[in-house]
Amino acid sequence: MTTNKYQLSDYIKDLDEADIPYQLVGKSNNFTVDQVAYDSRKVTDNTLFLCKGNHFKREFLLDAINLGAKAYLADRDMDVDIPGIIVDDVRAAIPYFARRFHNFPQDNLKFIGITGTKGKSTTSVALYQILKADAEKKGSAPVGIISSIINHDGKEEIVTGMTTPEPLELFGILEACVNN
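So, a few notes on the structure that sits alongside this text. (Residues numbered from 1 in each chain as written. Predicted model: local features only at pLDDT ≥ 70, side-chain atom pairs only at ≥ 80, totals over all residues. Heavy atoms only, no water.)

### Quick notes on the sheet that holds strand β8 (residues 145-146)
The strands making up a sheet are joined through hydrogen bonds of the backbone, oriented either antiparallel or parallel. One open sheet holds the 3 strands; their spatial order is β8-β9-β10, and the pairing between them is antiparallel. Where the open sheet ends on each side, the last strands, each with one partner, are β8 and β10 (157-159). Where strand β9 (residues 150-152) lies against β10, 3 bridges are found, and the strand directions are antiparallel. By the bridge assignment, Asn151 is partnered in β10 with Ile158. (Pairing = 2+ DSSP bridges. Helix = DSSP H or I, 4+ residues; strand = E, 2+ residues; numbered from the N terminus.)

Structure follows, in structure tokens:
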């Protein structure tokens, strides 16, 4: 689904622009990033691997390296043979990497956000149905939704129990919305 490929240096530049302090460790190696992942089972050649989570273990990174990870993002030097980008807060950096990997889909969509204590899901699904019917009637672009009940990217509807998708999944849905 991702069509544009970016260099590792582009991802690092995003940290500069976001004023997220970082340190580079290991031998610097610029390469074209083909995959960004925090699940070692999704690693392919030329992956930028994101070491996140309270229970992250170095073994996950070693598995990712064996599968093709060429650089990593972490909150500490993992003492491995690939370049590392070390930040204080991995969770703060991940959205910048996710948006670049998924080609900045937020720039090509219109959003409606719903906040509050009760009724958000019901309101969002009702609004989605209204906007969807209107789009179909007018023959305009499909409507998407991301909620704790369903996600819809304009083509595929997925029932979900997740309140908020992780950044890579969120931007993946948004990219699918743009493509659809």
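Picking up after the structure, the text goes on.
### So, the packing of helix α3 (residues 90-101) against helix α5 (residues 167-179)
Interhelical geometry of α3 versus α5 gives an angle of 30° and a closest axis separation of 9 Å. With respect to α5, the axis of α3 lies roughly parallel. Relative to α5, α3 is oriented so that their crossing is right-handed. Facing α3, whose interface residues are Ile94, Pro95, Ala98 and Arg99, α5 presents Pro167, Leu168 and Phe171. Class assignment for the residues of the contact of α3 with α5 results in 6 nonpolar, no polar and 1 charged. (Axes fitted to C-alpha atoms, helices over the stretch in contact; angles between N-to-C directions. Parallel < 35°, antiparallel > 145°, perpendicular 65-115°, else oblique. Left-handed = near helix turned anticlockwise from the far one by under 90°. Contact = heavy atoms within 4.5 Å. Nonpolar A, V, L, I, M, F, W, Y, C, P; charged D, E, K, R; others polar.)

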